[in-house]
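Descriptive structure summary
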Amino acid sequence: MANFAKPSAPRFSVEVYQNEFLPEGGRDVHAIVTVTSTGGAAATRAAARGSAAVVIMVDCSGSMEYPPDKMRGAREATAAAIDTLRDGTAFAVIAGTHVAKEVYPGQGRLAVADPATRAQAKEALRGLGAGGGTAIGTWLRLADGLLRQSSAAIRHGILLTDGRNEHEDPAVLRATLEACAGRFTCDARGVGTDWEVKEVTGIASALLGSADIVADPAHLTEDFTLMMENVMGKEVADVALRLWTPVGVEVQYVKQVAPTVQDLSDRRTEAGPRAGDYPTGSWGDESREYHVCVRVPAASVGQEMLAARATLLLPGAPGEPPATLAQGLVRAVWTDDLAASTAINPQVAHYTGQAELAKAIQQGLEARKLGDVDGATAKLGRAVQLASASGNADTAKLLAKVVDVVDAAAGTVRLKAKVADADEMTLETRSIQTVRVKKS
Amino acid sequence: MHRPSGCPSCAEPLEEGDRFCGVCGSPVSAAPPPAFRDDPTLPIPTLPAPPAGPTGGYVLAEPAPGWGSVAAGAAPTLVGDAAGWSAQAEPASAESAVRPGPDPAPAPAPAPAPAPVPPQGSSYGAPDPAYGGGEIRHDRPGGPGSTPTPPEGTPWGAPEAPYGGAGPGHEDPYASGTPQASGPAAGDGGKTCVACRAGRVDTDGYCEHCGHAQPRERDHLEEELGSVAAVSDRGLRHHRNEDSFAVAATALPDGSAATVAIVCDGVSSASRPDEASAAAAGAANEALLEALPRGAHPQEAMHDAILAAAAAVNALAPEVPGAQNAPACTLVGAVVSGDLLTVGWVGDSRAYWVPDDRDALPRRLTEDDSWAAQMVAAGLMGEAEAYADVRAHAITGWLGADAYDLEPHTASFKPDHAGVVVVCTDGLWNYAESAQDMAQVLPVDAATRPLHSAQVLVGHALDGGGHDNVTVAVVPFAAPAGPGATTTATAAVARAESEPEGQVEPEARPQA
């Protein structure tokens, strides 16, 4: 399937799960496209010198000293992340306040990881102190400038904040994210509970990275190490999911549904006639699932058509066509067999439920914040029901910290009177995390 | 509805907005729009027959004056009937009663006024207005008649011409199951989408422009082996062809020729019905080709062939005990060896006997393994009542791992006159249920042009709506050497199994 030239690169495979049968007049075709990349990481771990560049952005605003273990935790976590850097990786550290400041190596450069530079970088972290405001856009713009010098395929940022983006117009941050999208990927973390969930998840979503809460600064080191290991495991970057559709077929939506729910519909860039590319960022050994929904022209019973072709593309060198990594076909077949056309594909059903789960949590928490008890109870009850039915145990646990579950199967819950901020923020941040289809 | 649905030159189906035919390249607008009728294009003669013999393929759809009386005089001419067959042979008097002389019976198509009737036995080859425009003529006589004259050098009458499905009312050219590869005038590229004409076909078999699936090899298959021919078509309502057939010729130990035809219909409600039918047809054919040359009695060989086919279908089932919906199919086969005609079947695929002399009575040779047939056989219901029931077409016998109790039916006959055996799936006989109907659809020159006849029969089913896959094999049976040798009823049946007796309760399996 994959015709990727580098022998050490991961192999991609695409599988499509769908019920291709439509009743007469049926038009909506749903499919779960599972993309799996395997076999690359081990082969290249030692060899890939200069294949990655990472910039760590540490919040150094005044609030990081309240309590002081936040700043200490951030320093230690950054040091641990630097220790996790593979030799040869380009890196830099930025201290972020209402302005962005280079901590290491400085002068607008990136350092190349080796024992000496790692030691120097950790030494430089000692100088980090808290003071000033928060303007995350400036941090990202500086990171973008640094990463642009690197020819590395994997360009990644790690961003840590403890507060709201108070010293910057939200529009500026939005514009910055739009400018940076596609240039580098970025994981975002909120430490403590004084930050805005939507800001942090928005950054991660726009820059195709992960978002999470580290409520207790003591856990930062562990989290940063994992994050950096994840980055070091990435093999190929800027992979695009290209969706080709025939004449007359409209794309309704394209969503990543595992490991997290991310609507990619608005991220489409046109790529030739009737084809559009959806960014997926960089890949290591991993598997992701996408829910594709297209609307086909009505056709009569007995017909079959290709509703969409999903292709995984790796951009080629300038002037060269992109390399096709793998592809899968979404089909539509019209039948008068009702048993066939009314069946719902288990994968489609599962991920439709997971997407609804994420939405129910977000809407439920929003209603709760607004004091709408009935709305919150209904939505969070539905979320409990969905989480229970789909086996999403992690989310079910988080929900149980926000509501008292009376009957999970029926979705009967009561809102807890007192909910820790950390629990609510954790639920909101992780609401988009999904589980795979249960193997029956 | 009222636009040309087929290329005026080669009858390849067209799409709205096409200006040139995607197959032969003829300008669409250049030809006058053919007249269309939304009626099934039943072969209704409108012109007297040309003096020449069997130039055309269409027999009278309506009884001619004298038909009844002549038929009344023709006694059933099959000999060696299997037990129980007598009930099936309608008495000639009943035939007369049903078709009273020259009065035109209500026809499926608005029939023109009854045409002058030719002498018995003549056939019509003249063009029929009902076949204008998008319809395919498989045998176009030299005289153009009333249909538009095709441009020069167009592939009229090419035997592999895309078949049927382009008729008026079939809005969708794609559904015609036209074999793209065999299109007579397919362009050099040969990879233009049959649906939109605009896109190329990608390696997956879909159009790069409109996404439509391109016809697959199995969508329309034809095979002719001199003594036998078969045609299989996807039909107009199913997305794939789950029927299969095998035809073969071999030699008996005494050097005389034997002909084999097997037709199978995959059970749609089972998994992988297309594989089941292909496996069954192939296995039965091979078994017969192995058994007949070493002198096995054809009926014995047919019995064993059905068992072999069943084994082949069983082998497709996953080895999970109690697994549901194991692949399944029906089977009907015919062997013509010397003066012996042998049929065998399981399920509701059928074999018909149509004498070359159309005055003689045609016969159905098989008895369905179906709910309705069993109800009638058991005397619990009248035929009309049984076949009107929703359960009528549920089959009670099939080949497959979950078959209730496999009971191959076989029968042998020694006809004393020439004729053809029509071996078919219900995709055909749903549109020509009775033996009389089948005989009327079958061209009179079926014995000499089996492939053409099979094409006509498939076309008949497609014109009727093509709701199922259609597969038919036409096997000519030559009259025994001694013409006067009507030594009747020598009970040549070695092991003719009578119809299932009273088995009305076995589990029924719905068949699409």
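Keep in mind the model is a prediction, meaning the values are calculated, not measured. (Residues numbered from 1 in each chain as written. Chains lettered and ligands numbered in written order. Predicted model: local features only at pLDDT ≥ 70, side-chain atom pairs only at ≥ 80, totals over all residues.)

Quick word on the environment of Gly255(B)
Residues and elements named next belong to chain B. Residue placement: glycine 255 occurs in the loop between strand 3 (243–251) and strand 4 (257–266). For glycine 255, a count of 6 C-beta atoms within 10 Å corresponds to the exposed category. For the pair glycine 255 and proline 293, spaced 38 residues apart in sequence, the C-alpha separation works out to 8.8 Å. (Helix = DSSP H or I, 4+ residues; strand = E, 2+ residues; numbered from the N terminus. Buried ≥ 20, exposed ≤ 12 C-beta atoms within 10 Å, placed from the backbone.)

Some remarks on the confidence of the model for chain A
Residue and element names in this part refer to chain A. Confidence in the prediction for chain A averages 90 pLDDT; 95% of positions are at 70 or higher. Note that residues 1–6 has pLDDT below 50 and, in this model, 12 contacts with residues that lie over four places away or in other chains. Ignoring residues within four places in sequence, the model shows residues 42–47, a span with pLDDT below 50, making four contacts including any to other chains. (pLDDT = per-residue confidence, 0-100. Contact = placed C-beta atoms within 7 Å.)

Quick word on the sheet that holds strand 3 (residues 28–38) of chain A
Residues and elements named next belong to chain A. Strands sit in the order 1-3-16-12-13 across an open sheet of five strands; the sheet is antiparallel. One side of each edge strand has no neighbouring strand; the edge strands of this open sheet are strand 1 (11–18) and strand 13 (262–263). Against the sheet, helix 9 (residues 346–369) touches strand 1, strand 3, strand 12 (250–258) and strand 16 (286–295), its axis set at about 80° to strand 12. (Pairing = 2+ DSSP bridges. Axes fitted to C-alpha atoms, helices over the stretch in contact; angles between N-to-C directions.)

Things to note about the sheet that holds strand 11 (residues 236–244) of chain A
Spatially, 2-18-17-11-15-14 (chain A) is the arrangement adopted by the six strands of the open sheet, whose pairing is mixed. The open sheet terminates on both sides in strands that have one partner only, identified here as strand 2 (21–22) and strand 14 (269–270) of chain A.

Here's the deal with the pairing of strand 4 of chain B
Residues and elements named next belong to chain B. With nine of 10 residues buried, strand 4 lies mostly within the body of the structure. Examined bridge by bridge, strand 3 and strand 4 share nine bridges and lie antiparallel to one another. Counted as the bridge partner of aspartate 243 is aspartate 265 from strand 4. Two successive antiparallel strands, strand 3 and strand 4, enclose a turn made up of five residues, where glycine 255 displays a positive phi of approximately 95°. Pairing geometry for strand 4 and strand 5 (residues 328–337), over nine bridges, is antiparallel. The residue bridging isoleucine 262 from the neighbouring strand is glycine 333, located in strand 5.

Focus on the environment of Leu357(A)
All names here are of chain A. Relative to the helices and strands, leucine 357 resides in helix 9. We classify leucine 357 as buried; it has 29 C-beta atoms within 10 Å. Leucine 357 sits 25 residues away from arginine 382 along the chain, and the two C-alpha atoms are 7.6 Å apart. Residues in contact with leucine 357, not counting those within four places in the same chain, are Ala383, Leu386, Ala387, Asn392 and Thr395.

Digging into the environment of Ala309(B)
All names here are of chain B. As for its placement among the helices and strands, alanine 309 is situated in helix 4 (residues 298–314). Sequence separation between alanine 309 and cysteine 329 is 20 residues, and the spatial gap between their C-alpha atoms is 9.7 Å. Among residues more than four places away in sequence, those in contact with alanine 309 are Ala280, Ala283, Ala284, Leu331 and Leu399.

Regarding helix 2 (residues 69–84) of chain A
All names here are of chain A. Between its first and last C-alpha atoms helix 2 spans 22 Å; for 16 residues at 1.5 Å apiece the expected length is 22 Å, and the two agree. Every buried residue of helix 2 is listed here: Lys70, Met71, Gly73, Ala74, Arg75, Ala77, Thr78, Ala81, Ile82 and Thr84. Those residues of helix 2 hidden inside the fold are in contact with strand 4 (52–59), strand 5 (90–96), helix 3 (115–125), strand 8 (154–161), strand 9 (185–191) and helix 7 (220–232). (Expected span 1.5 Å × (residues − 1).)

Details of the nonpolar core
With 145 residues, the main nonpolar core has Ile94(A) and Val292(A) as its most contacted residues. What Ile94(A) contacts, discounting residues up to four positions off in sequence, is Val55(A), Ile56(A), Met57(A), Ala100(A), Lys101(A), Glu102(A), Val103(A), Trp139(A), Leu142(A) and Ala143(A). By size, the runner-up hydrophobic cluster in this structure holds 91 residues, among which are Ala291(B), Leu292(B), Val423(B) and Ala446(B). (Core = buried A, V, L, I, M, F, W, Y, C linked by C-beta atoms within 7 Å.)

A word on the interface of chain A and chain B
Listed as interface residues are 16 residues of chain A and, on the opposing side, 17 residues of chain B. For the side of chain A that touches chain B, the secondary-structure elements that each account for two or more residues are strand 17 (304–314) and strand 18 (323–334) of chain A. Take the side of chain A that touches chain B: its biggest share by element is four residues, from strand 17 of chain A. Taken together, the residues of the side of chain A that touches chain B sort by class into nine nonpolar, four polar and three charged. (Nonpolar A, V, L, I, M, F, W, Y, C, P; charged D, E, K, R; others polar.)

A short note on unusual backbone geometry
For the bond running from Tyr66(A) to Pro67(A), omega is -5°, close enough to zero to count as cis. Tracing the backbone shows Pro67(A) in the loop between strand 4 and helix 2. In this structure, Arg274(A) is a non-glycine residue whose phi angle is positive, near 60°. Following the sequence through the fold, Arg274(A) ends up in the loop between strand 14 and strand 15 (275–283). Exposure remark for Arg274(A): the 19 C-beta atoms within 10 Å place this residue in the partly exposed category. The backbone of Arg197(B) shows a phi angle near 65°, a positive value even though the residue is not glycine. Tracing the chain through its elements places Arg197(B) in the loop between helix 2 (92–98) and strand 1 (220–224).

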